[in-house]
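An overview of the molecular structure
Residues per chain, in single letters:
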Amino acid sequence: NVKMSATMGDAEAFAFAMQLKGLFDEAGWKVERPGQVVLNGAPIKGLLINFGSAPSPQLQRDFLDPLLDTLGYPRKVGFDKNLGDGNCEILVGTK
């Protein structure tokens, strides 16, 4: 499952989150409709991607890296065990 959010008030970030949702849907992933979040502190630049567990090397090599490289958005990837195995959270910030 993928939970996706965009920075509140950033129309470009929200539109990109919707575009990403469509791409992940086409790939057969279960993706919630993107929400909007209010951030405390410094704004997020690019994508902040947290996984509940490490994605398989094949998934990362064959799907995630090529997709995100093609889109040209900077990204930071991390892990949050609270998300649970097989879950992912993506926050779309400014480009």
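The following paragraphs examine the structure supplied in this document. It should be emphasised that the depicted structure is a prediction, and the values quoted were computed from it without experimental measurement.

Regarding the side chain of lysine 21
Inspection of the secondary structure assignment puts lysine 21 in helix H1 (residues 11-26). By relative accessible area, lysine 21 is classed as buried at 17%. Side-chain polar atoms of lysine 21 contact the side chain of aspartate 25, separated by 2.7 Å. Setting aside its immediate chain neighbours within four residues, lysine 21 contacts Met4, Val31, Glu32, Arg33 and Pro34.

Thoughts on the nonpolar core
Generally speaking, soluble globular proteins have nonpolar side chains that are buried together. In terms of nonpolar packing, the biggest core is built from 20 residues, with Met4, Leu20, Phe24, Leu47, Ile49, Ile90 and Val92 touching the most fellow members. Elements with a minimum of two residues in this core: strand S1 (2-7), H1, strand S3 (47-51), helix H2 (57-71) and strand S5 (88-92). The biggest single contributor to this core is H1, with 6 residues. Residues contacting methionine 4, with those up to four places away along its chain left out, are Ala17, Leu20, Lys21, Phe24, Val31, Arg33, Pro34, Gly35, Ile90 and Val92.

Rules and cut-offs
- Residues numbered from 1 in each chain as written.
- Predicted model: local features only at pLDDT ≥ 70, side-chain atom pairs only at ≥ 80, totals over all residues.
- Heavy atoms only, no water.
- Helix = DSSP H or I, 4+ residues; strand = E, 2+ residues; numbered from the N terminus.
- Buried < 20%, exposed > 50% of the residue type's maximum accessible area, 1.4 Å probe, protein only.
- Polar contact = N/O pair within 3.5 Å; in protein donor to acceptor, adjacent residues only side chain to side chain.
- Contact = heavy atoms within 4.5 Å.
- Core = buried A, V, L, I, M, F, W, Y, C linked by side-chain atoms within 4.5 Å.

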